[in-house]
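Chains, contacts and geometry: an overview
Spelled out, the chains give:
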Amino acid sequence: GDEEVFLRTKKVVLSKDTNPYYFEGSSGLRGVGSPHVGYGMIWPLGVIYDLFGPEKSDEGILAGLDVLKRSAAGTNCMHESFWKEDPSVFTRQWFAWANSAFAELIVFLLRTRPHLLLPKPFLDAWTKTAGGEGGAARQKKHR
């Protein structure tokens with residue numbers, strides 16, 4: 001069905017073998033870009049929206065969050081794009097669309113996989129205040 005088509009399309013888009021605008025830097029920075037911002041420039045928006053996928057493993061989400069953290073280049077903001085080899089080379093110091101999408105991702109992860117974001121003492125309190133549901137149960141409910 002639709003989810004199968006979506007996942008096949010995503011696989012094509014997120015592969016350097018099938019998408020000339022999927023970039024991987026030598027330091028592990030990776031993601032989709034476009035000719036709009038220059039060859040080798042990665043969109044944080046692409047990294048963010050990839051992490052919403054139900055097929056993502058915890059390890060894949062943590063790897064994506066690491067890319068996003070490094071792409072902020074010490075500014076504490078998401079940018080329009082960043083260079084695959086050096087995240088301190090970026091476009092738009094502050095890009096509201098990407099910042100908003102990142103905030104949405106954090107809320108989504110708190111609802112579906114809080115164990116990825118919260119240390120154990122906070123996780124225990126979060127689970128109790130969230131009605132005692134585990135992350136997996138919430139993830140299925142929010143699909």
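Residues numbered from 1 in each chain as written. Predicted model: local features only at pLDDT ≥ 70, side-chain atom pairs only at ≥ 80, totals over all residues. Heavy atoms only, no water.

The terminal C-alpha atoms of helix α3 (residues 58-71), which comprises 14 residues, lie 20 Å apart, in line with the 20 Å expected from a rise of 1.5 Å per residue. Here α3 has its buried residues at I61, G64, L65, V67, L68 and S71. Down the axis of α3, the smallest arc covering the buried residues is 155 degrees, so these residues share one side. Exposed residues pointing more than 90 degrees away from the buried face of α3 are listed as E59 and K69. Those residues of α3 hidden inside the fold are in contact with β2 (30-32), α2 (44-50), β4 (81-83), β5 (86-91) and α4 (96-112). Positive phi appears at A73, one or two residues downstream of α3, with a value of about 55 degrees. (Helix = DSSP H or I, 4+ residues; strand = E, 2+ residues; numbered from the N terminus. Expected span 1.5 Å × (residues − 1). Buried < 20%, exposed > 50% of the residue type's maximum accessible area, 1.4 Å probe, protein only. Arc of directions from axis to C-beta. Contact = heavy atoms within 4.5 Å.)

Our focus in this paragraph is the environment of C77. Relative to the elements of secondary structure, C77 occurs in the loop between α3 and β4. Residue C77 is classed as buried on the basis of its relative accessible area, which comes to 16%. When the C-alpha positions of C77 and F95 are compared, they lie 7.6 Å apart, and in sequence the two are 18 residues distant. Excluding anything up to four places from it in sequence, C77 contacts A72, Q93, W94 and N99.

Within the structure shown, the criterion is met by 9 salt bridges. A salt bridge links R8 to E4, with the nearest nitrogen and oxygen atoms 2.7 Å apart. Of this pair, R8 and E4 both sit in helix α1 (residues 2-13), 4 residues apart, which is roughly one turn of that helix. Classification of R8 as partly exposed rests on a relative accessible area of 49%. For E4, a relative accessible area of 49% translates into the label partly exposed. Residue K10 pairs with D50 through a salt bridge whose shortest N-O separation is 3.1 Å. Of the two residues, K10 is situated in helix α1 and D50 in helix α2; the sequence distance between them amounts to 40 residues. With a relative accessible area of 14%, D50 lands in the buried category. (Salt bridge = Lys/Arg side-chain N within 4 Å of Asp/Glu carboxyl O.)

This brings us to the nonpolar core. Within the largest apolar cluster, 22 residues are counted, with the highest numbers of intra-cluster contacts made by I48, L65, L68, M78, L105 and L109. Counting only elements with at least two residues in this core, the list comes to α2, α3 and α4. With 5 residues, the top contributor of residues to this core is α4. Ignoring any residue separated from it by four or fewer positions in sequence, one finds L68 in contact with P44, V47, I48, L51, M78, F102 and L105. (Core = buried A, V, L, I, M, F, W, Y, C linked by side-chain atoms within 4.5 Å.)

Let us now look at the sheet that holds β5. Taken in spatial order, the 3 strands make up an open sheet running β3-β4-β5, and their pairing is antiparallel. A strand with exactly one partner marks an edge of an open sheet, and here the two such strands are β3 (41-42) and β5. In this sheet, β4 lies alongside β3 in antiparallel orientation, the contact comprising 2 bridges. Paired with I42 across the two strands is F82, which belongs to β4. (Pairing = 2+ DSSP bridges.)

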